[in-house]
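Structural features, examined
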Amino acid sequence: MVFSDLLFIFAFLPLNIIFYFLSKNLKVKNIVLIVFSLLFYAWGEPLWISILIFSTLVDYVHALAIEKSDDPKKRKLLLINSIVINLILLGVFKYAGFFVSNINYIFKLSLSVPKISLPIGISFYTFQTISYTADVYCGRVKAQKSFAKFLMYVSLYPQLIAGPIVRYVDIEKEIENRDISIVNISEGINRFIIGLAKKVVIANTAASLVATFLDSDLATIGVLDAWFGIFMYTIQIYFDFSGYSDMAIGLGRIFGFHYCENFNYPYISKSATEFWRRWHISLGSFFRDYVYIPLGGNRKRQLLNIFIVWFLTGFWHGASWNFIIWGLYFGAIIYFEKKVIFSFAEKIPNIIKWVFTIIIIMVGWGIFYYTDLNKLGLFLKALVGLNNNLLCSDTLSIIVMNNIIFIVIAVIASTPLVSKLFNKINTNQNLDYLRIVVNVCLIFCVIAMLVGEGYNPFLYYRF
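I will try to describe carefully the structure that is included in this document. What you see is a predicted model, and the numbers here were worked out from it, not measured in a lab.

1. Side note on helix α9 (residues 182-214)
- Between its first and last C-alpha, α9 extends 45 Å over 33 residues, near the 48 Å set by a 1.5 Å rise per residue.
- At Ala 203, α9 shows its strongest bend, of approximately 30°.

If you want it as structure tokens, here you go:
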């Protein structure tokens, strides 16, 4: 089940809201959220609920033991044990096939490659539970005494499948006592509809154009065709992932939770460093706070620390070499920016910095897109004409002109222009009326596009 599914929009979510708000006290409301969250998670594969609950139990028990103990060595051992168990689970289900395949290749063996289906959301809830145990160890939060409340935190379906990575410290107080009001419901519904429109209207439309170009014959694709294809993928992945985050934040708000923002208009960035402060903020802050800073940050071994963080960032996204290359690609660029470019960056016009950054990002998304390294090589060659390919195909201009309105809307929607316009309207106290009109129009567009649509899954579900 996905948020952009008619079954979710018109059956699952309304039933969840009805049962939730009919519940008389917070304890019953929490139970309702747990039941609906586990049902949501079980919709695809009921068996993997056991992995989710086991991971939750591991960190629940370890956190209580860490808080209870006064022995520094025992506390550290408990933390390490919790992290190791979580990473073993992640390693077995997500990376076992990758490791065995590479061992076979390196040592010329023929070991059986395990084919284990990936439990949806395991990359996200594993990081959530690790951050919780680490925060208890560091004294940032108190260990949750109620297993039911901790299970609700981990399993909450709005953010369970594809983030944002919600830290316990950010919603600790709302687990115990949260504001359930008309204002929160209204804001939550509005945010959900915006995210839904991002996903269905923009991301899904861009996806069809991406397939037309990036899944074509890369040995003969035109240079501009390749650039247009990766430009469309740049649009698709942003609106797909930020759309999910908007829906997750909106759903959380409906139930009284305030999740942190996960995107902040990343495509207006003027450096790769700035881009990664604006893109997937919850993941970046996780690696910063729990890996980069503990390793020494900028104080010592900065190059090694950046290498480790970006290797892990790439590997976290998938068990494939292209993701590792993608992570190291951005790590190298960010290190180069810190050591070289930032020393004279003020002298470079902002428009040049922006264009340079967008090109870097688009090439990075090309690396991200192709898990087949042979196809990746052909694509990178196509970008600069090394395949002896034409400048462009005969159909490129036709496709661009047929979709020019969509392209313009998508580009504008990826900037703060619309938000600024709404803020100006808000000063005239007309925002509420405009929101209603816009939301109704968006819902009609979404329903019209969802009926009979073939492509709909979120890109980040597979990570």
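2. A look at the layout of surface pockets
- Here the largest pocket defines a volume of roughly 1,300 Å³.
- Forming the boundary of the largest pocket are 40 residues, of which Ile 194, Lys 198, Tyr 265, Val 418 and Ser 419 lie nearest the centre.
- Put simply, the parts of the chain that give the lining of the largest pocket at least two residues each are α9, α10 (223-254), α18 (404-413), α19 (417-426) and α20 (431-450).
- In terms of residues, the lining of the largest pocket owes the most to one element, α9, which gives 9 residues.

3. Quick word on the pattern of salt bridges
- Taken as a whole and assessed by the stated rule, the structure comprises 11 salt bridges.
- Here Glu 67 ties to Lys 145 by a salt bridge, and the two come within 3.0 Å at their closest N and O atoms. Residue Glu 67 is found in helix α3 (residues 49-68), and its partner Lys 145 is found in the loop between α5 (122-138) and α6 (147-155); the two are separated by 78 residues along the sequence.
- Taking the relative accessible area as the measure of exposure, Glu 67 reaches 26% and is therefore partly exposed.
- The partner of Arg 435 in a salt bridge is Glu 187, with the nearest N and O atoms 3.0 Å apart. Here the residue Arg 435 occupies a position in helix α20, and Glu 187 occupies one in helix α9, the gap between them amounting to 248 residues.
- Classification of Glu 187 by relative accessible area gives partly exposed; the value is 26%.
- The network of salt bridges with common partners includes Arg 191, Lys 198, Asp 246 and Glu 261.

4. Quick word on unusual backbone geometry
- The phi dihedral of Lys 108 falls on the positive side, at around 55°, and the residue is not glycine.
- Its place among the elements puts Lys 108 in the loop between α4 (72-107) and α5.
- Overall, the relative accessible area of 69% leaves Lys 108 in the exposed class.
- If you check the backbone angles, Arg 301 has positive phi at about 50° while not being a glycine.
- The topology assignment puts Arg 301 in the loop between α12 (281-295) and α13 (302-317).
- Given a relative accessible area of 47%, Arg 301 falls into the partly exposed group.

5. Things to note about the environment of Gly 250
- You can see Gly 250 is positioned in helix α10.
- Once the C-alpha coordinates of Gly 250 and Ile 189 are considered, the two residues, 61 residues apart in sequence, prove to be 6.0 Å apart.
- Those residues in contact with Gly 250, other than ones at most four positions away along the chain, are Gly 188, Arg 191 and Phe 192.

6. Looking at the packing of aromatic side chains
- Scanning the entire structure with this criterion turns up 68 aromatic pairs.
- Where Phe 275 meets Trp 276, the ring centres are 5.4 Å apart and the plane angle is 85°; that geometry is what we call edge-to-face. Side by side, Phe 275 and Trp 276 carry an identical accessibility label, which is buried.
- Judged by centre distance (6.4 Å) and plane angle (20°), the rings of Phe 307 and Phe 311 are stacked. In this pair, Phe 307 and Phe 311 are both assigned in helix α13, 4 residues apart and thus about one turn of the helix distant.
- The exposure class assigned to Phe 307 is partly exposed, which follows from its relative accessible area of 46%.
- Note on Phe 311: relative accessible area 28%, which makes it partly exposed.
- When the ring centre of Tyr 20 is taken as origin, the NZ or CZ atom of Lys 29, which lies over that ring, is 4.8 Å away.
- The aromatic ring of Trp 316 is capped on one face by Lys 94, whose charged end is 5.3 Å from the ring centroid.

7. Here we look at α3
- Here α3 is 20 residues long and its end C-alpha atoms lie 29 Å apart, about the 28 Å a rise of 1.5 Å per residue gives.
- Within α3 the residues assigned to the buried category are Ile 49, Ile 51, Leu 52, Ser 55, Thr 56, Val 58, Asp 59, Tyr 60, His 62, Ala 63 and Ile 66.
- Looking at the packing, one finds that the buried side of α3 touches α2 (26-42), α4, α5, α6 and α7 (157-160).

8. Some words on empty space enclosed by the protein
- Tallied over the full model, the rule gives 1 cavity of 30 Å³ or more.
- Together, Pro 164, Ile 165, Val 166, Arg 167, Asp 170, His 258, Tyr 259, Cys 260 and Ser 282 line the largest cavity.
- In terms of residue class, the lining of the largest cavity is built from 5 nonpolar, 2 polar and 2 charged.

So, how was this worked out
Residues numbered from 1 in each chain as written. Predicted model: local features only at pLDDT ≥ 70, side-chain atom pairs only at ≥ 80, totals over all residues. Heavy atoms only, no water. Helix = DSSP H or I, 4+ residues; strand = E, 2+ residues; numbered from the N terminus. Expected span 1.5 Å × (residues − 1). Bend = angle between axes of the 7 residues up to and from the residue. 1 Å grid on protein atoms, 1.4 Å probe; cavity = no way out; pocket = protein on both sides within 12 Å on 5 of 7 lines; lining within 4 Å. Points joined across faces, edges and corners; volume = space filled by probe spheres on them. Salt bridge = Lys/Arg side-chain N within 4 Å of Asp/Glu carboxyl O. Buried < 20%, exposed > 50% of the residue type's maximum accessible area, 1.4 Å probe, protein only. Contact = heavy atoms within 4.5 Å. Phe/Tyr/Trp six-rings, centres within 6.5 Å; stacked < 30°, edge-to-face > 60°. Lys NZ or Arg CZ within 6 Å of the ring centre and 35° of its normal. Nonpolar A, V, L, I, M, F, W, Y, C, P; charged D, E, K, R; others polar.

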